[in-house]
Amino acid sequence: MTSLSRLETDQLRRLEEMRKTFDKLRAERIRAEGEVERLTREIDEARALAKAELGTDDEVQIQSLIEEAQARNAALAEEFGVALREVETRLRQLGDER
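Residues numbered from 1 in each chain as written. Predicted model: local features only at pLDDT ≥ 70, side-chain atom pairs only at ≥ 80, totals over all residues. Heavy atoms only, no water.

Novice: For the overall build of the protein chain, give the residues involved together with the corresponding values.
Specialist: Each helix and strand counted, the protein chain has two helices and zero strands in total. Relative to the 2.2 N^0.38 estimate, which gives 13 Å for 98 residues, the radius of gyration of the protein chain is 34 Å and therefore markedly larger than a compact globule would have. The principal-axis extent of the C-alpha atoms belonging to the protein chain is close to 120 × 35 × 15 Å. Relative to its full complement of 98 residues, the protein chain shows a buried share of 4%. Accessible surface, the protein chain: about 9,100 Å² in total, of which carbon and sulfur atoms supply 56%. Mean positive and mean negative side-chain charge positions of the protein chain (18 and 24 charges, respectively) differ by 8 Å. (Helix = DSSP H or I, 4+ residues; strand = E, 2+ residues; numbered from the N terminus. Rg over C-alpha atoms; globule rule 2.2 N^0.38 Å. Buried < 20%, exposed > 50% of the residue type's maximum accessible area, 1.4 Å probe, protein only. Areas by Shrake-Rupley, 256 points an atom, 1.4 Å probe, with all protein chains shown as cover. Lys, Arg positive; Asp, Glu negative; His and termini not counted. Charge placed at Lys NZ, Arg CZ, Asp CG, Glu CD.)

Right, here's the structure in full:
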């Protein structure tokens, strides 16, 4: 049996290091592919939910719906504030009449 030369030993060591790197990269690729599949399912589910609840899965339309709802909420909050001030005014007037 012949012993390996220094060059052969170095080459074997480098090949082993490359195999470890290859295995690590392969594992990362498998994890990344799994993550892509999971995220694809999640986005499909989110689109289906948006379509069911909002009638659309278009981001621009959804943003428009959100802005409309915010404007409605702001208007309703302002109306509520006006109504509260009117009630306060009436209560003060009733108190002054006594």
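Novice: Before we move on, could you go through helix α1 (residues 6-54) and cite the residues and values that matter?
Specialist: Under the 1.5 Å per step criterion, the end-to-end length of α1 is 70 Å for 49 residues, consistent within 8% with the ideal 72 Å. Where α1 terminates, the next one or two residues include glycine 55, which has phi positive at roughly 85°. (Expected span 1.5 Å × (residues − 1).)

Novice: I'd like to hear about the environment of glutamate 53, residue by residue, with values.
Specialist: Within the fold, glutamate 53 resides in helix α1. Judged by its relative accessible area of 60%, glutamate 53 falls in the exposed class. When the C-alpha positions of glutamate 53 and glutamate 88 are compared, they lie 39 Å apart, and in sequence the two are 35 residues distant.

Novice: Go over the side chain of threonine 56 with me, naming the residues and quoting the values.
Specialist: Residue position: threonine 56 is located in the loop between α1 and α2 (59-97). At 3.0 Å, the side chain of threonine 56 and the backbone nitrogen of aspartate 58 are in polar contact. Beyond its immediate stretch of four places on either side in the chain, threonine 56 contacts Ala50, Lys51, Gln61, Ile62 and Leu65. (Polar contact = N/O pair within 3.5 Å; in protein donor to acceptor, adjacent residues only side chain to side chain. Contact = heavy atoms within 4.5 Å.)

Novice: I'd like a description of the pattern of salt bridges, backed by residues and values.
Specialist: Enumeration according to the criterion identifies eight salt bridges in this entry. One salt bridge connects aspartate 23 with arginine 26, and the closest N-O pair in it is separated by 3.1 Å. With aspartate 23 and arginine 26 both in helix α1 and three residues apart, the pair spans about one turn of that helix. Assessed through its relative accessible area of 38%, arginine 26 is described here as partly exposed. As a salt-bridge pair, arginine 85 and glutamate 78 come within 3.5 Å of each other at their nearest N and O atoms. A relative accessible area of 48% means that glutamate 78 is categorised as partly exposed. Among the charged side chains, a network of salt bridges with common partners joins Glu16, Arg19, Asp23 and Arg26. (Salt bridge = Lys/Arg side-chain N within 4 Å of Asp/Glu carboxyl O.)

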